Amino acid sequence: TVFPNGIVPFMYGPISARENDIAAVNMSALNAHLIALQPLVTAARANGMNAHYLSLFGDGIFIPQLCITRKHKAPIGGFLLPRQVEENNAMNSVRTSVEWPYETITNLFHILHAKYNKHLLRRNREVNFTLHAQLRVIFFLYNCYVCLNGSKFGEFFDMDPPSLEEYLNVV
């Protein structure tokens, strides 16, 4: 998960690599967390207003939820509306850009390179809590880096990250 300003807001895990993305989203309760971050929308909906949550755009495998969406699919024998086709086209370019923060993280923190053979699970299938703690620190430092330097992702969406002080006050 990456916010449009380049900040990586949420890390869940560790979970087994045997789990797919749907399992990870469900176990993490990501949709519930995203709803909790938008109390004004929740209140407006409770009062009968037609308010919409800001949503994450995920793979086509995801089941649409209040705060997680995916590419529009035409009904069997039907067609997409022109607006839906436009949204799909716009989101295709965004999906590629989601990988940019992870590329930057790997370049900044060489310990993540494959040659170091890091595994979230040990050979006996136990969780490698040391590596998990290292990953949390790496993502925290990455977010600090983004606050100070911006990111390619933030530039793509024309959004500035928070100042380092603002970010540290929230964390």
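Source: prediction; values computed, not measured.

Draft legend 1. Representation of the pattern of salt bridges in the model. The tally for this structure, following the rule as stated, stands at one salt bridge. We note a salt bridge from glutamate 87 to arginine 83, for which the minimum N-O separation is 2.7 Å. Taken together, the residues span about one helical turn, with glutamate 87 and arginine 83 both in helix H4 (residues 82-97) at a distance of four residues. The class of glutamate 87 is partly exposed, set by a relative accessible area of 31%. Given a relative accessible area of 46%, arginine 83 falls into the partly exposed group.

Draft legend 2. Focus on the packing of helix H5 (residues 100-108) against helix H6 (residues 129-149). Where H5 meets H6, the axes come as close as 11 Å, and the angle between the chain directions of the two elements is 105 degrees. Taken together, H5 and H6 sit at an angle that is classed as roughly perpendicular. Along the contact surface, H5 presents Pro101, Tyr102, Thr104, Ile105 and Leu108, while H6 presents Ile138, Phe139, Tyr142 and Tyr145. Among the residues making up the contact of H5 with H6, the classes are represented as eight nonpolar, one polar and no charged.

Draft legend 3. Inspection of the packing of aromatic side chains at higher detail. Applying the stated rule across the entire model yields five aromatic pairs. Plain terms: the ring middles of tryptophan 100 and phenylalanine 156 are 5.6 Å apart, the flat faces sit at 80 degrees to each other, and that makes the pair edge-to-face. On the criterion of sequence distance, the pair formed by tryptophan 100 in helix H5 and phenylalanine 156 in helix H7 (residues 152-156) is long-range, its members being 56 residues apart. Look at phenylalanine 156 and you get partly exposed, because its relative accessible area is 37%.

Definitions and limits used
- Residues numbered from 1 in each chain as written.
- Predicted model: local features only at pLDDT ≥ 70, side-chain atom pairs only at ≥ 80, totals over all residues.
- Heavy atoms only, no water.
- Salt bridge = Lys/Arg side-chain N within 4 Å of Asp/Glu carboxyl O.
- Helix = DSSP H or I, 4+ residues; strand = E, 2+ residues; numbered from the N terminus.
- Buried < 20%, exposed > 50% of the residue type's maximum accessible area, 1.4 Å probe, protein only.
- Axes fitted to C-alpha atoms, helices over the stretch in contact; angles between N-to-C directions.
- Parallel < 35°, antiparallel > 145°, perpendicular 65-115°, else oblique.
- Contact = heavy atoms within 4.5 Å.
- Nonpolar A, V, L, I, M, F, W, Y, C, P; charged D, E, K, R; others polar.
- Phe/Tyr/Trp six-rings, centres within 6.5 Å; stacked < 30°, edge-to-face > 60°.

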